[in-house]
Amino acid sequence: MIKRKKRSRRIKTRTTMALAATYKIVLGSIAFAIFWVLAVFPAVPLLPIGRTAGSLLGAMLMVLFRVITPDEAYAAIDLPILGLLFGTMVVSVYLERADMFKYLGKLLSWKSKGAKDLICRICLVSAISSAFFTNDTSCVILTEFVLKIARQHNLPPHPFLLALASSANIGSSATPIGNPQNLVIAVQSKISFGDFLVGVLPAMLVGVSVNVLILIIMYWRLLSIHKDEEDGTGEIVGEDDVSSHRFSPATMSHISISNSMDHVQISPNNINGSLATHLDSLRNRVNSGDQLEIQRSPCGSIDTNDIPSPPQFSEEKEPKTEHWKNKMWKLCVYLVTIGMLVALLMGLNMSWTAITASLALVVLDFKDARPCLEKVSYSLLIFFCGMFITVEGFNKTGIPSTLWNFMEPHAQVDRVSGIAVLAIVILLLSNVASNVPTVLLLGGRVAASAAAISASEEKKAWLILAWVSTVAGNLSLLGSAANLIVCEQARRAPQLDYTLSFWNHLKFGVPSTLIVTAIGLTLIR
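Remember, it's a predicted structure, so these values are computed and weren't measured experimentally.

**Overview of the overall build of the protein**
A count of helical and extended segments in the protein gives 25 helices and zero strands. When the 525 residues of the protein are sorted by exposure, 56% land in the buried category. About 22100 Å² of surface is accessible on the protein, with carbon and sulfur atoms providing 65% of the total.

Have a look at this one:
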């Protein structure tokens, strides 16, 4: 109890920080503004360097402008968060190799009973997979499956794409490993995996259910007609084709998504060609890998010289011993993943648990791990490093503290009006400044304010921050990376392409976000 009081007093001191010297306020604000612009609009015409380089630029400017010292900049980098992020990405790579996501795709179309049943399945599978394998990964993996299923059943794609993206965001709120902002919250708050899950899970389950109802009500008529009546096309896709693609989740899970800006009618100049190139190269790798893979090779790398071209080989033609070795290896991957989740639920250190699980998979694979490790999104890890430094520098200016001191009396979590005000602030900031910077800016301050009331209120404040900042991503197409990944993947899917427009998303996103957020807030414990 004494330690908790000391910790609360220390956080409180930080939140009541006075404004820094004028030059630090001005220069720190300029550095943060540059970071924000490049994070939200990575292909801004004046400086199209992307969000990763933008975060490093913001961090460097904070040091050059002497807002923070080099030592303070290094200290601002949160290694446990980076370790947890790295570990979960490596585990995702091995799960992809073990066909986990192919089975999820098959589950979507298995004995389907119509459009409304499909919507429910997509929401459920998307939410559960996002809770344990991150929302962005689930969207990368499942988008093309969803398009194929919609085409197979002659149904309009956009309700299903909205179901996938929105449920991925809602589902990811339930666990610390569901999305990057939850990683930050779990590490900073010291809330255990089990407590986090118990605190948010009821809100997540009800939120997904309400989201399904809103989708069905809004698109009832559209789901009751065939796609060929809607747009004159009725191409059927074979059931085997629905699960015929392989993806690389970790490589794509945090891709630069600014290329979608052109298609959400924000600014036709804000186009990042790197995403298109990346998607094309990935798709080429995927398609060639499907045609040529005879047996399991390290992380899907294939020597095409050893394989005769035209025929596509099936698993039955493998040697029996190789077939069983493959089965046993997949079983080991699933057992290690389950072991990781059990260890997290037992309250073991989340970062080291994820890293241990990832290294266990590397050792069990008994092959050169380089191809798998190359699929990790190192640009995301670097982006986080730059963002930690930039946000720490902006905090040093005293501006966030001053603004929070103004809002604090109206945003207390022990009363309904205070929770409502806090939720609105988080909702707006998450859509303007993005959810991870919002958590970094508000987290300590909201927790300190709640800790002054009681320890249980402090925990509740962290969970409210996790819930609202995550569900806020459903408000608009630009609200989360998961939305834009679905939009871009759908637009570039071969022979299945579909453009999910900004306004189509907004018409569903606004009511869904407000209703789901409000209902979830009553269930956070």
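On we go from here.
**Looking at the packing of aromatic side chains**
If you walk through the whole model with that rule in mind, you get six aromatic pairs. Arranged with centres 5.8 Å apart and planes meeting at 75°, the rings of Phe384 and Phe388 form a pair that is edge-to-face. With Phe384 and Phe388 both in helix H19 (residues 378-396), this residue pair falls four residues apart, about one helical turn. Across the pair, Phe388 and Phe384 agree in class, each one buried.

**Overview of the packing of helix H21 (residues 416-432) against helix H23 (residues 455-471)**
Relative orientation of the contacting elements H21 and H23 amounts to 45°, with a least axis distance of 9 Å. As summarised for this structure, H21 and H23 are arranged oblique, according to the angle between their axes. When the axes of H21 and H23 are compared, the crossing they make is right-handed. On H23, the residues touching Ile419, Leu422, Ala423, Ile426, Leu427 and Ser430 of H21 are Lys460, Ile464, Leu465, Val468 and Ser469.

**Considerations on helix H24 (residues 481-492)**
Over its twelve residues, H24 runs 16 Å from end to end, which matches the ideal 16 Å to within 8%, given 1.5 Å per residue. Of all twelve residues in H24, ten are buried, a share of seventy percent or more.

**Considerations on the environment of Val210**
Turning to its location among the elements, Val210 is positioned in helix H11 (residues 193-218). Along the backbone, Val210 and Ile515 are 305 residues apart, and their C-alpha atoms lie at a distance of 8.2 Å. Setting aside anything within four residues of it in sequence, one finds Val210 in contact with Ile515, Val516 and Ile519.

**A closer look at the nonpolar core**
In this structure, Tyr94, Ile119, Phe160, Phe384 and Trp467 are the most contacted members of the largest nonpolar core, which totals 138 residues. The biggest single contributor to this core is H11, with twelve residues. When near neighbours in sequence (up to four residues on either side) are disregarded, Phe384 contacts Ile81, Leu82, Leu85, Pro180, Val184 and Val436.

**Thoughts on the environment of Leu496**
You can see Leu496 is positioned in the loop between H24 and helix H25 (502-521). Each C-alpha atom of the pair Leu496 and Pro157 lies 9.4 Å from the other, and the pair is 339 residues apart in sequence.

**Digging into the pattern of salt bridges**
In total, this model carries seven salt bridges according to the counting rule given. Among the salt bridges present, the one from Lys396 reaches Glu72, with a minimum N-O distance of 3.6 Å. Linking Lys396 in helix H19 with Glu72 in helix H4 (residues 70-76), this pair joins segments that are 324 residues apart in sequence. For Lys396, a relative accessible area of 29% gives the class partly exposed.

**Side note on unusual backbone geometry**
With phi around 65°, Arg66 is a residue other than glycine that occupies positive phi space. Secondary-structure assignment places Arg66 in the loop between helix H3 (51-64) and H4.

**Points about the side chain of Ser189**
Tracing the chain through its elements places Ser189 in helix H10 (residues 180-189). Residue Ser189 is classed as buried on the basis of its relative accessible area, which comes to 9%. There is a polar contact of 2.6 Å between the side chain of Ser189 and the backbone oxygen of Ile185.

**A few points about the packing of helix H5 (residues 79-97) against H10**
Contact geometry of H5 with H10 gives a least axis separation of 9 Å together with a crossing angle of 135°. Between H5 and H10, the crossing angle belongs to the class labelled oblique. Seen from above, H5 lies across H10 with right-handed handedness. Every residue of H10 that contacts H5 at Pro80, Ile81, Leu84 and Leu85 is listed here: Leu183, Val184 and Val187. Of the residues in the contact of H5 with H10, the class split is seven nonpolar, no polar and no charged.

**Some remarks on a nonpolar patch on the surface**
Where nonpolar side chains cluster on the molecular surface, the patch consists of Met328, Leu331, Leu335, Ile338, Val342, Met346 and Leu348 and spans about 690 Å² of accessible area. Examined against the element boundaries, Leu331 turns out to sit in helix H16 (residues 320-345).

**Describing the confidence of the model for the protein**
Looking at the protein, pLDDT values average 79 and 78% of them are 70 or higher. Per-residue pLDDT, averaged within each element of the protein, yields its smallest value for helix H14 (residues 249-252) (39) and its largest for H11 (95). Within the model, pLDDT remains below 50 along residues 1-15, and this stretch shows 17 contacts once partners closer than five positions in the same chain are excluded. For residues 227-316, every residue scores under 50 in pLDDT, and the model assigns this stretch 193 contacts once sequence neighbours within four places are set aside.

Reading the values: the criteria
Residues numbered from 1 in each chain as written. Predicted model: local features only at pLDDT ≥ 70, side-chain atom pairs only at ≥ 80, totals over all residues. Heavy atoms only, no water. Helix = DSSP H or I, 4+ residues; strand = E, 2+ residues; numbered from the N terminus. Buried < 20%, exposed > 50% of the residue type's maximum accessible area, 1.4 Å probe, protein only. Areas by Shrake-Rupley, 256 points an atom, 1.4 Å probe, with all protein chains shown as cover. Phe/Tyr/Trp six-rings, centres within 6.5 Å; stacked < 30°, edge-to-face > 60°. Axes fitted to C-alpha atoms, helices over the stretch in contact; angles between N-to-C directions. Parallel < 35°, antiparallel > 145°, perpendicular 65-115°, else oblique. Left-handed = near helix turned anticlockwise from the far one by under 90°. Contact = heavy atoms within 4.5 Å. Expected span 1.5 Å × (residues − 1). Core = buried A, V, L, I, M, F, W, Y, C linked by side-chain atoms within 4.5 Å. Salt bridge = Lys/Arg side-chain N within 4 Å of Asp/Glu carboxyl O. Polar contact = N/O pair within 3.5 Å; in protein donor to acceptor, adjacent residues only side chain to side chain. Nonpolar A, V, L, I, M, F, W, Y, C, P; charged D, E, K, R; others polar. Patch = residues over 30% accessible without salt bridge, like charges linked within 9 Å, V, L, I, M, F, W, Y side chains within 5 Å. pLDDT = per-residue confidence, 0-100.

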